[in-house]
Amino acid sequence: MRHISLSLHLICILVTAITAPNLQAQPLVIKFATANPQGSHYVVHLMKFKQLVESYSHRTILIDAIIDGRYGSEHDNVMGTAEGDIQMSTVAVNNLSPFAPSVGFLSLPYLFDSEAQARTLFRHPIMSEVNSKMVEQANVRALGWMIGGFRVLTNNKRPVYQPSDLAGLKIRTPMNPIMVATFRSWGIEPLPIAWTETYAALKMGTVDGQENPHITYSAMPNANGHIYKVQKYITDIHYILWTGPHLINEDFYLSLTSEQRQILHRAADEAALYQWQWIAEQNSKQLQRLLDQGMVLLEPANEEQLWKAKAISIWPQFLGPEEHGFLQRIEAIIRD
């Protein structure tokens, strides 16, 4: 019996020695979702982040890239990240603000005069305060921020140089109160329509125009859709800079080791820098492509001053006393 017991003990030691390294070697798998397709700047950011994380962690951390809306819409992505069903997502900031109103200021018209100002802000310590609010409101934080270019105006009816030229035009906007209020300040009632339905609405004449960064048109939801087939004029206003957070679930974030967090932060920082450079190049290329296809680029009258004055008049509608004070600090940083 003693011999049998000793043999069993030796077997247990051997099994433990064999299996322990295998148990330790199990990688951490992070579900990272976007509602957007291959070729979009969302996926460019995601795939660069994936590459960097898996390299820096020696594949002890793996990124499960869920693209093409396989987890649903951007609203679904935010909810899934907040609830922890997925660990990460990238969305437009206007799709996060219903869950975390503290980021709504990033959608204010004419907050940014240039992409350089956004790059300055997103690398400033004040963004840690934004993260703290996001955690309180939606159980998510931003590891980093994407930049997608300025939203410009297009239409297929006539040249538009100043707000009064919009009279009689039906312009599509996202279902976003700030964007709707901006177009009202310019004298028209816009039509909020989901992006997935926008190309069909332009083609059928439900709307005459819309607004988006140039890069957006290279990944229109309709597989056969090309913006230049349904739009003629581009008015080069710069009323809102597209921005979007790289979100992570807060409970998951807190469960990570210090080393794992460092890897994720390093990869997110470098992926953001990569995406910022990529988007600047692609927006320029996409604009040239649209012009080569016959679209006409128009400069807004008087260096956009009337557009800007009317749009900024809506800011008080969306800023309480606390938000107003915070925004003053933001403006001091980006316009320093």
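This text follows the structure it describes.
None of the values given here were measured: they were computed from a predicted structure. (Residues numbered from 1 in each chain as written. Predicted model: local features only at pLDDT ≥ 70, side-chain atom pairs only at ≥ 80, totals over all residues. Heavy atoms only, no water.)

Draft legend 1. Quick look at the packing of aromatic side chains. Enumeration over the complete set of coordinates arrives at 8 aromatic pairs. Taken together, the ring pairs connect Phe183, Trp186, Tyr239 and Trp307 into an aromatic cluster. The side chain of lysine 48 reaches across the aromatic face of tyrosine 274, ending 4.7 Å from its centre. (Phe/Tyr/Trp six-rings, centres within 6.5 Å; stacked < 30°, edge-to-face > 60°. Lys NZ or Arg CZ within 6 Å of the ring centre and 35° of its normal.)

Draft legend 2. The arrangement of the nonpolar core in detail. Ranked by size, the top nonpolar core spans 38 residues in total, and within it Phe105, Leu121 and Met134 carry the most contacts. Looking at this core, the elements that each hand over two or more residues are helix H4 (93–96), helix H5 (115–122), helix H6 (127–138), strand E4 (140–155), helix H7 (177–185), strand E8 (233–249), helix H11 (258–292) and helix H13 (321–334). In this structure, leucine 121 is in contact with Phe105, Leu106, Phe112, Ile126, Met127, Ile330 and Ile334, ignoring residues within four places of it in sequence. Leu143, Ile248, Ile263 and Ala271 belong to the second-largest nonpolar core, a separate cluster that totals 22 residues. (Core = buried A, V, L, I, M, F, W, Y, C linked by side-chain atoms within 4.5 Å. Buried < 20%, exposed > 50% of the residue type's maximum accessible area, 1.4 Å probe, protein only. Helix = DSSP H or I, 4+ residues; strand = E, 2+ residues; numbered from the N terminus. Contact = heavy atoms within 4.5 Å.)

Draft legend 3. Looking closely at the pairing of E4. A large share of E4 lies buried, amounting to 16 of its 16 residues. Of the strand pairs in this sheet, E4 and E8 are connected by 13 bridges, and their pairing is antiparallel. Residue pairing for E8: arginine 151 is matched across the bridge by isoleucine 240. Inspection of the sheet shows E4 paired to strand E7 (residues 209–212) by 4 bridges, in the antiparallel sense. When the sheet's bridge partners are listed, leucine 153 is paired in E7 with glutamate 211. (Pairing = 2+ DSSP bridges.)

Draft legend 4. Looking closely at the side chain of threonine 198. If you trace the backbone, threonine 198 turns up in helix H8 (residues 198–204). At 3.1 Å, the side chain of threonine 198 and the side chain of arginine 172 are in polar contact. Residues within four places of threonine 198 in sequence aside, it is in contact with Arg172, Ile193 and Gln210. (Polar contact = N/O pair within 3.5 Å; in protein donor to acceptor, adjacent residues only side chain to side chain.)

Draft legend 5. Spotlight on the pattern of salt bridges. Taken as a whole, this structure holds 11 salt bridges when the rule is applied. Between lysine 308 and aspartate 113 there is a salt bridge, with the nearest N and O atoms lying 3.5 Å from each other. Highlighted residues: lysine 308 in helix H12 (residues 305–312) and aspartate 113 in the loop between H4 and H5, separated in sequence by 195 residues. Judged by relative accessible area, aspartate 113 falls into the partly exposed class, the value being 42%. Three or more residues are tied together by salt bridges with common partners; here these are Asp113, Lys308, Glu331 and Arg335. (Salt bridge = Lys/Arg side-chain N within 4 Å of Asp/Glu carboxyl O.)

Draft legend 6. H5, seen in detail. Turning to H5, its buried residues number three or more, namely Glu115, Gln117, Ala118, Leu121 and Phe122. The buried residues of H5 occupy an angular sector of 155° when the element is viewed end-on, so they sit on one face. Where H5 is buried, its residues contact H6, E4, E8, H11 and H13. (Arc of directions from axis to C-beta.)

Draft legend 7. Spatial organisation of H7. Counting buried residues along H7, 7 of its 9 residues qualify, which places the element largely inside the surrounding structure. Here H7 has its buried residues at Ile178, Met179, Val180, Ala181, Thr182, Phe183 and Ser185. Between a side-chain oxygen at the N-terminus of H7 and the backbone nitrogen of isoleucine 178 the separation is 3.0 Å; the capping residue is asparagine 176. After H7 finishes, the residue glycine 187 shows a positive phi value of roughly 100°.

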